[in-house]
Amino acid sequence: MDRIRIIGGERLKGTIPISGAKNAALPLMIASLLTPDTITLKNVPNLADVGLLIRILRNHGTDTAFDGKRAIANGHQGDTLHLTARDIVDTTAPYDLVRRMRASFWVLGPLLAREHKARVSLPGGCAIGTRPVDLHLAGLQALGAEISLDGGYVVANAPGGLKGGVFSFPKVSVGATHNILMAATLAKGETVLENAACEPEVADVASCLNKMGAKIEGAGTPTITIQGVNELEGATHTVLPDRIETGTYAMAVAATGGEVYLDGARADLLPAALDVLREAGVDITETNRGLHVARNGAALKPVNVTTAPYPGFPTDLQAQLMALMCRAGGVSQIREAIFENRFMHVQELARLGADISVSGDMAKVRGVPSLRGAEVMATDLRASVSLVIAGLVAEGETVVNRVYHLDRGFERLEEKLGSCGARIERLHS
Ligand code: UD1
């Protein structure tokens, strides 16, 4: 298993290109199941999760092809991906594929909408608390699906096709919003989703679906209205920039000091995170092509933050913020309100000398004068990158194990940080 080795203490200076958003690319790829025509996605990040989803979609009969100039060993060539699901050859998404990535469960809605039946394994993915699928199932039932559980599989049928309905999410869920939104595009009549996720990735997927001929209004707000259509067609769509990658590199610069231009980043995608960074004393300037992030000399101020659905502070930046606040001058309070058990990075940060105490969903981070390099273990995708940020400011050598978590969500991380002066390298096993 690959590891990442960092020698901390270098300020970051340079330009980092921001990739397409993983959390938009995955549902956009899944949306290709809704049409026999070709969906062309541009700005698709080169990530392990994208490769895994390609395998899952191929299993359903989707042809996939890349074009572009980025040729590398694992088959992801360029950032333009063509997906054509001319015929769905298999409506089963097997355990062995779905268990590795939770988002693959979202094939359920599109398969059910197009083929009127689907059999999808219960999902896996990051081990961050119990992540049930009850909202996905309740939403699809509101569209007339008959659902049962059989041997670890969700078996769904919609004889005669899905029918529009009203569904009010009892709790905001990004994945369930994607799943039901995609299903509703081919349902008969009108569907109204209330208390839907407002994440920019939902609006991005809806915009692609509308190019495909769907009739969706209100995506990006809590109420989405969908008029079902008989069929969808091909479209070309550019994946929006990754706001979590943007926030992660902004926090890395805030931690090390220095100044970095995040090329292609969009400030409007992460308002709460940028507010928190400004409150902590980080300079952030928007340009028409990206974000300039700098911290020169000024000490970091502690912050109080609670994670929340968009437009609140994203849970996917909580671990990174915690690593940053380890070096603030005072005590920060960080409350995780989306997922249980999403503090697994705390014990690893402690190995680097962090002073963090956790009580329930609240972490108190006492800033320390310095961190010291150590060997640490990545536990999930966002936790692993928080260890990289901590390693960049720690004295001496930090080795992050289980880097495959990072490869699920961060494209060319060591190259991007290395080009800004970080001493970081991948150790191949
Ligand atoms: C997505 C993101 C993930 C992010 C999360 C929250 C992708 C690929 N993943 O994950 O990076 O951390 O949103 O912003 O976009 N829940 C239920 N029942 C359900 C579904 C969810 O109770 O049927 C709960 C979850 O346990 C969690 C909360 O709802 O407490 C939010 O989860 P959800 O928004 O669904 O997360 P994901 O879509 O899995």
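These numbers were taken from a predicted model, which means no experiment stands behind them.

Thresholds, definitions, all that
- Residues numbered from 1 in each chain as written.
- Predicted model: local features only at pLDDT ≥ 70, side-chain atom pairs only at ≥ 80, totals over all residues.
- Heavy atoms only, no water.
- Helix = DSSP H or I, 4+ residues; strand = E, 2+ residues; numbered from the N terminus.
- Rg over C-alpha atoms; globule rule 2.2 N^0.38 Å.
- Buried < 20%, exposed > 50% of the residue type's maximum accessible area, 1.4 Å probe, protein only.
- Contact = heavy atoms within 4.5 Å.
- Areas by Shrake-Rupley, 256 points an atom, 1.4 Å probe, with all protein chains shown as cover.
- Lys, Arg positive; Asp, Glu negative; His and termini not counted.
- Charge placed at Lys NZ, Arg CZ, Asp CG, Glu CD.
- Near = heavy atom within 4 Å.
- Polar contact = N/O pair within 3.5 Å; in protein donor to acceptor, adjacent residues only side chain to side chain.

### Description of the overall build of the protein
Here is step 1 of the chain: Counting secondary structure elements, the protein contains 14 helices and 24 strands.
Here is step 2 of the chain: Taken over the C-alpha trace, the protein has a radius of gyration of 21 Å; the compact-globule value for 429 residues is 22 Å, and the two agree within 12%.
Here is step 3 of the chain: Seen through its C-alpha atoms, the protein measures out along the principal axes to roughly 65 × 45 × 45 Å.
Here is step 4 of the chain: Expressed as a percentage of its 429 residues, the buried residues of the protein come to 57%.
Here is step 5 of the chain: Long-range pairs, those at least 24 residues apart, make up 75% of the contacts in the protein with a sequence separation of at least 6.
Here is step 6 of the chain: Counting every atom, the protein has about 16,000 Å² of accessible surface; 48% of that belongs to carbon and sulfur.
Here is step 7 of the chain: Between the mean site of the 43 positive side-chain charges and the mean site of the 46 negative ones, the protein shows a separation of 3 Å.

### Structural notes on the site of the ligand
Here is step 1 of the chain: Lining the immediate environment of the ligand, one finds 20 residues, of which Asp134, Ser173, Val174, Asp316 and Ile338 sit closest.
Here is step 2 of the chain: Note that an oxygen atom of the ligand is positioned 3.1 Å from one of the side-chain N or O atoms of Asn23.
Here is step 3 of the chain: Note that an oxygen atom of the ligand is positioned 2.6 Å from one of the backbone N or O atoms of Ile338.
Here is step 4 of the chain: When the free accessible area of the ligand is taken as 750 Å², the share hidden by the protein chains comes to 90%.
Here is step 5 of the chain: Listed by contribution, the elements that provide at least two residues to the shell around the ligand are α5 (134-142) and α6 (174-184).
Here is step 6 of the chain: No other element matches α5, which puts 3 residues into the shell around the ligand.

### Thoughts on unusual backbone geometry
Here is step 1 of the chain: Residue Pro311 is bonded to the preceding Tyr310 through a cis peptide linkage, with omega at 10 degrees.
Here is step 2 of the chain: With respect to the helices, strands and loops of the structure, Pro311 is situated in the loop between β18 (304-306) and α10 (318-325).
Here is step 3 of the chain: Phi angles above zero are rare outside glycine, and Asn341 is one such case at about 60 degrees.
Here is step 4 of the chain: Take Asn341: it is sitting in the loop between β19 (331-335) and α11 (345-351).
Here is step 5 of the chain: Positive phi values are uncommon outside glycine, yet Arg412 reaches one of about 50 degrees.
Here is step 6 of the chain: Secondary-structure assignment places Arg412 in the loop between α13 (404-409) and α14 (413-418).

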